[in-house]
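# Observations on chain architecture
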Amino acid sequence: MGAGSVGKGEHVGYEGHSGCTAEVISVGGFVVVVATGEVDSHTAPRLDTAVQQAVTRQPDQLIVDLSGVEFFDSSGMNVLVRALRQAGRVLVVAPRPVRRVVEVTGLSTVFALFDDVDAAVASAVTHTNG
(Lines give C-alpha, C1' and ligand atoms only; values in the text may rest on other atoms or scores of the structure.)
Protein backbone atom coordinates (compact mmCIF):
# COMPACT_ATOMS: atom_id res chain seq x y z
CA MET A 1 0.00 0.00 0.00
CA GLY A 2 1.25 3.46 -0.81
CA ALA A 3 1.72 6.28 1.62
CA GLY A 4 -1.56 7.64 2.84
CA SER A 5 -3.58 4.61 1.75
CA VAL A 6 -5.62 2.64 4.24
CA GLY A 7 -6.31 -1.06 4.03
CA LYS A 8 -9.44 -2.82 5.25
CA GLY A 9 -9.59 -3.16 9.02
CA GLU A 10 -6.89 -0.60 9.73
CA HIS A 11 -7.63 2.08 12.27
CA VAL A 12 -7.04 5.64 11.21
CA GLY A 13 -6.65 8.30 13.88
CA TYR A 14 -7.97 11.79 13.48
CA GLU A 15 -5.01 13.78 12.26
CA GLY A 16 -4.33 16.79 14.42
CA HIS A 17 -6.33 15.36 17.31
CA SER A 18 -4.66 16.75 20.40
CA GLY A 19 -6.29 14.38 22.84
CA CYS A 20 -7.40 15.47 26.26
CA THR A 21 -5.79 15.76 29.64
CA ALA A 22 -7.73 16.09 32.85
CA GLU A 23 -6.49 16.48 36.40
CA VAL A 24 -7.94 17.26 39.80
CA ILE A 25 -6.42 20.16 41.72
CA SER A 26 -7.39 22.39 44.64
CA VAL A 27 -7.97 26.13 44.27
CA GLY A 28 -9.05 28.27 47.20
CA GLY A 29 -10.09 25.19 49.14
CA PHE A 30 -12.30 23.90 46.33
CA VAL A 31 -11.76 20.86 44.14
CA VAL A 32 -11.27 21.81 40.49
CA VAL A 33 -11.14 19.51 37.48
CA VAL A 34 -8.88 21.07 34.85
CA ALA A 35 -9.16 19.76 31.29
CA THR A 36 -7.25 20.70 28.16
CA GLY A 37 -7.34 19.65 24.54
CA GLU A 38 -10.31 18.12 22.75
CA VAL A 39 -13.21 16.45 24.54
CA ASP A 40 -14.99 13.99 22.25
CA SER A 41 -16.20 10.39 22.39
CA HIS A 42 -12.62 9.10 22.49
CA THR A 43 -11.32 11.42 25.18
CA ALA A 44 -14.39 12.10 27.35
CA PRO A 45 -13.62 9.09 29.58
CA ARG A 46 -10.48 10.92 30.79
CA LEU A 47 -12.59 13.89 31.80
CA ASP A 48 -15.16 11.60 33.38
CA THR A 49 -12.50 9.81 35.47
CA ALA A 50 -11.24 13.14 36.82
CA VAL A 51 -14.79 14.33 37.54
CA GLN A 52 -15.56 11.10 39.42
CA GLN A 53 -12.41 11.56 41.54
CA ALA A 54 -13.38 15.15 42.28
CA VAL A 55 -16.96 14.32 43.23
CA THR A 56 -15.75 11.84 45.84
CA ARG A 57 -13.57 14.58 47.36
CA GLN A 58 -16.08 17.42 47.33
CA PRO A 59 -19.60 16.36 46.36
CA ASP A 60 -21.49 19.57 47.13
CA GLN A 61 -19.85 21.88 44.57
CA LEU A 62 -17.66 20.95 41.64
CA ILE A 63 -15.67 23.40 39.54
CA VAL A 64 -14.77 22.18 36.05
CA ASP A 65 -12.20 24.34 34.30
CA LEU A 66 -12.55 23.85 30.55
CA SER A 67 -10.70 27.06 29.62
CA GLY A 68 -8.00 24.99 27.90
CA VAL A 69 -10.48 22.97 25.85
CA GLU A 70 -10.40 23.62 22.10
CA PHE A 71 -13.19 21.24 21.06
CA PHE A 72 -16.17 20.01 23.09
CA ASP A 73 -19.03 17.82 21.90
CA SER A 74 -22.01 15.95 23.34
CA SER A 75 -19.71 13.40 24.96
CA GLY A 76 -18.34 16.18 27.14
CA MET A 77 -21.86 17.39 27.88
CA ASN A 78 -22.76 13.88 29.04
CA VAL A 79 -19.87 14.03 31.53
CA LEU A 80 -21.11 17.38 32.86
CA VAL A 81 -24.70 16.15 33.16
CA ARG A 82 -23.51 13.06 35.04
CA ALA A 83 -21.49 15.33 37.35
CA LEU A 84 -24.59 17.42 37.98
CA ARG A 85 -26.47 14.31 39.08
CA GLN A 86 -23.69 13.53 41.58
CA ALA A 87 -22.72 16.99 42.80
CA GLY A 88 -25.03 19.55 44.30
CA ARG A 89 -23.74 22.28 41.96
CA VAL A 90 -21.46 22.29 38.91
CA LEU A 91 -19.59 25.48 38.06
CA VAL A 92 -18.07 25.46 34.58
CA VAL A 93 -15.31 27.71 33.30
CA ALA A 94 -16.42 27.78 29.70
CA PRO A 95 -14.53 29.19 26.73
CA ARG A 96 -16.47 29.89 23.53
CA PRO A 97 -16.49 26.29 22.10
CA VAL A 98 -17.81 24.89 25.38
CA ARG A 99 -20.25 27.71 26.03
CA ARG A 100 -21.74 27.26 22.57
CA VAL A 101 -22.44 23.56 23.15
CA VAL A 102 -23.95 24.27 26.57
CA GLU A 103 -26.19 26.98 25.10
CA VAL A 104 -27.26 24.93 22.06
CA THR A 105 -28.28 22.04 24.31
CA GLY A 106 -30.38 24.38 26.43
CA LEU A 107 -28.39 23.59 29.56
CA SER A 108 -27.05 27.10 30.14
CA THR A 109 -29.70 27.54 32.84
CA VAL A 110 -28.58 24.35 34.61
CA PHE A 111 -24.84 24.96 34.84
CA ALA A 112 -23.23 28.02 36.39
CA LEU A 113 -20.95 29.35 33.62
CA PHE A 114 -17.88 31.50 34.28
CA ASP A 115 -15.11 33.14 32.27
CA ASP A 116 -12.31 32.13 34.65
CA VAL A 117 -11.52 29.98 37.69
CA ASP A 118 -11.31 32.97 40.04
CA ALA A 119 -14.92 33.93 39.28
CA ALA A 120 -16.06 30.32 39.77
CA VAL A 121 -14.23 30.05 43.10
CA ALA A 122 -15.71 33.38 44.25
CA SER A 123 -19.19 32.09 43.42
CA ALA A 124 -18.50 28.82 45.24
CA VAL A 125 -17.36 30.75 48.33
CA THR A 126 -20.48 32.93 48.24
CA HIS A 127 -22.70 29.87 47.82
CA THR A 128 -20.98 28.10 50.72
CA ASN A 129 -21.17 31.10 53.05
CA GLY A 130 -24.52 32.37 51.84
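Worth saying up front: this structure is predicted, and the values here are computed from it rather than measured.

### Regarding the overall build of the protein chain
- Across its full length, the protein chain holds four helices and five strands.
- Reading the protein chain from its N end, one meets helices and strands in the order β-β-α-β-α-β-α-β-α.
- Evaluated residue by residue, the protein chain yields a buried proportion of 45% over its 130 residues.
- Put simply, 64% of the contacts in the protein chain that link residues at least 6 apart link residues at least 24 apart.
- Carbon and sulfur atoms make up 50% of the accessible area of the protein chain, which amounts to about 7,200 Å² in all.

### Some remarks on the side chain of serine 75
- With respect to the element layout, serine 75 can be found in helix 2 (residues 74–86).
- Here the side chain of serine 75 touches serine 41 through a polar contact of 3.3 Å, landing on its backbone nitrogen.
- When near neighbours in sequence (up to four residues on either side) are disregarded, serine 75 contacts Asp40, Ser41 and Ala44.

### Topic: helix 3 (residues 96–104)
- Of the residues making up helix 3, those classed as buried are Val98, Val101 and Val102. Across the axial projection of helix 3, the buried residues extend over an arc of 100°, all falling on one side. Relative to its buried face, helix 3 has exposed residues pointing more than 90 degrees away, namely Arg96, Arg100 and Val104.
- Buried residues in helix 3 make contact with strand 3 (61–72), helix 2, strand 4 (89–93) and strand 5 (112–114).

### Describing the packing of helix 1 (residues 44–57) against helix 2
- At their nearest, the axes of helix 1 and helix 2 sit 9 Å apart, and the two run at 15° to each other. Classified by the interaxial angle, the pair formed by helix 1 and helix 2 is roughly parallel. Handedness of the crossing formed by helix 1 with helix 2: right-handed. From helix 1, Ala44, Leu47, Asp48, Val51, Gln52 and Val55 reach across to helix 2, where they touch Ser75, Gly76, Val79, Arg82, Ala83 and Gln86.

### Section: the nonpolar core
- Core analysis: the biggest nonpolar cluster contains 29 residues, and Val33, Leu47, Leu62, Leu66 and Phe72 have the highest contact counts within it.
- Breaking this core down by element, the ones donating at least two residues are strand 1 (20–27), strand 2 (30–39), helix 1, strand 3, helix 2, strand 4 and helix 3.
- With six residues, helix 1 is the single largest residue contributor to this core.
- Ranked by size, the runner-up nonpolar core spans 12 residues in total, among them Val34, Val93, Val117 and Ala120.

### A closer look at helix 4 (residues 117–129)
- Helix length check: helix 4, at 13 residues, gives a terminal C-alpha distance of 18 Å against a target of 18 Å (1.5 Å per residue), a fit within 8%.
- Within the span of helix 4, buried status applies to Val117, Ala120, Val121, Ser123 and Ala124. Within helix 4, the buried residues cover an arc of 160° as seen down the axis, which keeps them to one side. Turned more than 90 degrees from where helix 4 packs its buried face, Asp118, Thr126 and Asn129 sit exposed.
- Check the buried side of helix 4 and you find it contacts strand 1, strand 2, strand 3, strand 4 and strand 5.

Criteria and cut-off values
Residue numbering note: each chain is counted from 1, following its sequence as written. Local features in this predicted model are restricted to residues of pLDDT 70 or higher, and side-chain atom pairs are both shown and tallied only at a pLDDT of 80 or more, whereas totals for entire chains, interfaces and linings draw on every residue. The side-chain numbers reported here are obtained from all heavy atoms of the structure, hydrogens and water having been left aside. Secondary structure is summarised from DSSP: a helix means a run of H or I of at least four residues, a strand means a run of E of at least two, and numbering begins at the N terminus for each. Note on exposure labels: buried denotes an accessible area under 20% of the residue type's maximum, exposed denotes more than 50%, and partly exposed covers the range between, all computed with a 1.4 Å probe on protein chains only. Throughout, a residue-residue contact means that at least one pair of heavy atoms, one from each residue, lies within 4.5 Å. Every accessible area reported is derived by Shrake-Rupley at a probe size of 1.4 Å, with residue values counting cover from the shown protein chains alone. Polar contact is defined as a pair of N or O atoms within 3.5 Å, subject to the rule that within protein one atom must be able to donate a hydrogen and the other to accept it, and that residues adjacent in sequence are counted only when both atoms are side-chain atoms. Along the arc lie the directions from the helix axis toward the C-beta atoms. Lines fitted to the C-alpha atoms define the axes, with helices restricted to the stretch that makes contact. Angles between their N-to-C directions range from 0 to 180 degrees. With respect to orientation, any angle under 35 degrees is reported as roughly parallel, any angle over 145 as roughly antiparallel, any angle of 65 to 115 as roughly perpendicular, and every other angle as oblique. Crossing handedness is read from the near helix: turned anticlockwise from the far helix by less than a right angle, it gives a left-handed crossing, and turned clockwise, a right-handed one. By nonpolar core is meant a set of buried Ala, Val, Leu, Ile, Met, Phe, Trp, Tyr and Cys residues that side-chain atoms within 4.5 Å join together. Helix span, as expected, comes to 1.5 Å for every residue beyond the first.

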